[in-house]
Amino acid sequence: MSDQPTPQDGTGPGDTPGDEIRGTERPETPLSAEQRLKERRATAYRKAERVLARVNLRATLREQLARLQEAAPGAYDLDESVDIYGNGVVEALEKRVADLLGTEAAAFFPTGTMAQQVALRCWAARTGSPTVALHALAHPEVHERDAFREVAGLRTVRVTGEPRLPTAQEIRDFEEPFGALMLELPLRDAGFVLPSWEELTEVVEAARERDAVVHFDGARLWETTVHFGRPLPEIADLADSVYVSFYKSLGGIGGAALAGPGSLVEEAKTWRHRYGGMVFQQFPTALAALIGLDRELPRLPEYVRHARVVAGALRDALRETGVPWSRVHPGEPHTHQFQVWLPYDAEVLTEASLRQAEETGTYLFAGFWNAKGPGISMTEVTVAAAGLDWTPQEVAAAVADFAGRLPEAPLS
């Protein structure tokens, strides 16, 4: 269903001209159940006094504009001219990303979907193979409507569907040839999971043994340094190219960057133009990205470490509530995001989460609850600045209150 709001002023599509003159104004169009739930969640989130993360995608326009106005002067010289077709502040952002990742160059893209299509079609031309090996849960396979195939002319093959990154042996034993291996770090739909550093280096070596290039889908690469115990340049250096996002962890408005060898990035810029990504002006997005790099990037390791504290407290508290089964996955989060699984329908858990927020001001599970089977649901938990002051005892108290709002026996 569309996220567009339903007209409520009696002037939506299909209204008969002259109704107001004749005194027969049409009644307000009632909101659907989905729209009412969406508005209720948004209101609960805005009014909640305690959450584990304040994400900008739920901010109002006024809040976003105020944030830019307050923070932008420290991120870039606002007396410079606005960008035109990718110069100025956009070029400054590209250089900043290349320096942070230790690559020769980087190119700004409006979306990660576009950036990765361009990267992999460029590699396909260089390797002579349009086949991309990836995980069955990788973002292009699950969330992009077959864009690799339909738009970029690429063919994907799934190395594994297990809830982990592929192993080196799976890469070596895979029967079909491929020109590029794409690794999503972390693998979001499997629980924001990462391999060990040793496993990752072995997978990359196995791909190179097959004369394949390696591309990192690093939308959330920024927060992997704690798990790997390595700085960003050392992580990025394993791959032939890397994509990073500016909004998933950094709190930006949108946008992405493709980083890698200078020749690849220059070729990618040509394809960016062909894809319609040569946008006239993008300074709000570029400024928000620079702000995120200044403010959020240095704090991500702190978020990751505290997410482990919160996850442990959640796991222990859920065991003590009488809920017959629960799972926090991974047990020790690899990033500042993880999953919580409970044996109830999504609607039941959503209602309990909302009532807790509305009645107590604490929105413990502010994400969507998604059905994962009969009577089993999962939500994603993010721990950021707003959650740093949550102690294990406070997490346990919130869990107890939440569990008290659930039915005595879950659905079977």
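Residues numbered from 1 in each chain as written. Predicted model: local features only at pLDDT ≥ 70, side-chain atom pairs only at ≥ 80, totals over all residues. Heavy atoms only, no water.

### Some points on the sheet that holds strand β3 (residues 131-134)
To keep it simple, the criterion reads: Pairing between two strands requires that DSSP report at least two bridges joining them. In this description a helix means any DSSP run of H or I spanning at least four residues, a strand means any run of E spanning at least two, and both kinds are numbered starting from the N terminus. Axes here mean lines fitted to C-alpha atoms, for a helix over just the part in contact, with angles spanning 0 to 180 degrees between N-to-C directions. Throughout, a contact is declared for two residues whenever any of their heavy atoms are within 4.5 Å.
The strand order across the open sheet formed by seven strands is β2-β8-β7-β6-β5-β3-β4, and the pairing between neighbours is mixed. Of all the strands in the sheet, the pair left with one neighbour each is β2 (105-109) and β4 (155-158). Averaged over all pairs of adjacent strands, the angle between their axes in this sheet comes to 25 degrees, without regard to strand direction. The strands that helix α4 (residues 112-127) touches are β2, β3, β5 (180-184), β6 (213-218), β7 (241-245) and β8 (256-260); relative to β6, the one it contacts most, it runs at about 180 degrees. Sitting on the sheet, helix α8 (residues 197-209) is in contact with β5 and β6, with an inclination near 140 degrees to β6.

### With respect to the sheet that holds strand β10 (residues 337-342)
If you trace the four strands from one edge of the open sheet to the other, you get β9-β10-β13-β12, paired in antiparallel fashion. Two strands bound the open sheet, and with one partner strand each, they are β9 (327-329) and β12 (369-373). When the angles between neighbouring strand axes are averaged without regard to direction, this sheet yields 30 degrees. Of the strand pairs in this sheet, β12 and strand β13 (residues 376-382) are connected by four bridges, and their pairing is antiparallel. Considered in β13, the bridge of Asn370 is made with Met378.

### Let's talk about the pairing of β8
Where we set the bar: In this scheme, a residue with accessible area under 20% of its type's maximum is buried, one over 50% is exposed, and one in between is partly exposed, where area comes from a 1.4 Å probe on protein chains only.
The buried fraction of β8 amounts to five of the five residues, a majority that puts the element mostly inside the structure. Residue alternation in β8 divides its side chains into two sets, Ala256, Leu258 and Gly260 and Ala257 and Ala259, and both sets are buried.

### Observations regarding a nonpolar patch on the surface
Put simply, the rule reads: Patch rule: a residue counts if its relative accessible area is over 30% and it has no salt bridge; like charges are joined within 9 Å, and nonpolar side chains (Val, Leu, Ile, Met, Phe, Trp, Tyr) within 5 Å. A 1.4 Å probe and the Shrake-Rupley method give the accessible areas. Residues count as covered only by the protein chains that appear here. The rule for a salt bridge is simple: a side-chain nitrogen of Lys or Arg has to be within 4 Å of a carboxyl oxygen of Asp or Glu.
A contiguous nonpolar patch, built from Val82, Ile84, Tyr85, Phe280 and Phe283 and spanning about 450 Å² of accessible area, is present on the exposed surface. For Val82, the location among the structural elements is in the loop between α2 (61-75) and α3 (89-101).

### Here's the deal with the packing of helix α14 (residues 346-360) against helix α15 (residues 392-403)
The line we're drawing: Roughly parallel refers to an angle under 35 degrees, roughly antiparallel to one over 145, roughly perpendicular to one between 65 and 115, and oblique to any angle outside these ranges. In this scheme, a crossing is called left-handed if the near helix is turned counterclockwise away from the far one by less than a right angle; it is called right-handed if the turn is clockwise. Under this grouping Gly is polar, as are all residues other than the nonpolar Ala, Val, Leu, Ile, Met, Phe, Trp, Tyr, Cys and Pro and the charged Asp, Glu, Lys and Arg.
At a minimum axis separation of 9 Å, α14 and α15 run at an interaxial angle of 120 degrees. For the element pair α14 / α15, the angle class is oblique. The element α14 and its partner α15 pack so that their crossing is right-handed. Facing α14, whose interface residues are Leu349, Ala352, Ser353, Gln356 and Thr360, α15 presents Ala398, Asp401 and Phe402. Here the contact of α14 with α15 is composed, by residue class, of four nonpolar, three polar and one charged.

### Brief notes about the confidence of the model for the chain
We count it as follows: The predictor's confidence in any single residue is recorded as pLDDT, a number from 0 to 100.
Confidence in the prediction of the chain, expressed as mean pLDDT, is 92, and 92% of residues score 70 or more. Considering only residues more than four positions removed or in separate chains, one finds that residues 1-23, a stretch of pLDDT under 50, has 26 contacts.

### Structural notes on the pattern of salt bridges
Applying the stated criterion to the full structure yields 26 salt bridges. A salt bridge links Glu394 to Arg50; the nearest nitrogen and oxygen atoms lie 3.5 Å apart. With a gap of 344 residues between them, Glu394 in helix α15 and Arg50 in strand β1 (residues 50-51) connect regions that are remote in the sequence. Classification of Glu394 as partly exposed rests on a relative accessible area of 32%. The exposure class assigned to Arg50 is partly exposed, which follows from its relative accessible area of 23%. Taking the shortest distance from any N to any O, the salt bridge between Glu266 and Lys269 comes out at 3.6 Å. Of the two residues, Glu266 and Lys269 are both situated in helix α11 (residues 262-274); the distance of three residues between them amounts to about one turn of the helix. Residue Lys269 is classed as partly exposed on the basis of its relative accessible area of 23%.

### Description of the nonpolar core
The line we're drawing: By nonpolar core is meant a set of buried Ala, Val, Leu, Ile, Met, Phe, Trp, Tyr and Cys residues that side-chain atoms within 4.5 Å join together.
Counting residues in each nonpolar core, the largest one holds 64 residues, and the members touching the most others are Leu93, Val97, Leu101, Phe216, Trp222 and Phe246. Ranked by residues supplied to this core, first place goes to helix α12 (residues 283-295) with seven residues. In this structure Trp222 touches Leu100, Leu101, Leu232, Val244, Ser245, Phe246, Leu250, Leu293, Leu297 and Leu300, once residues within four positions along its chain are discounted. Ranked by size, the runner-up nonpolar core spans 29 residues in total, among them Val310, Ala352, Val399 and Ala403.

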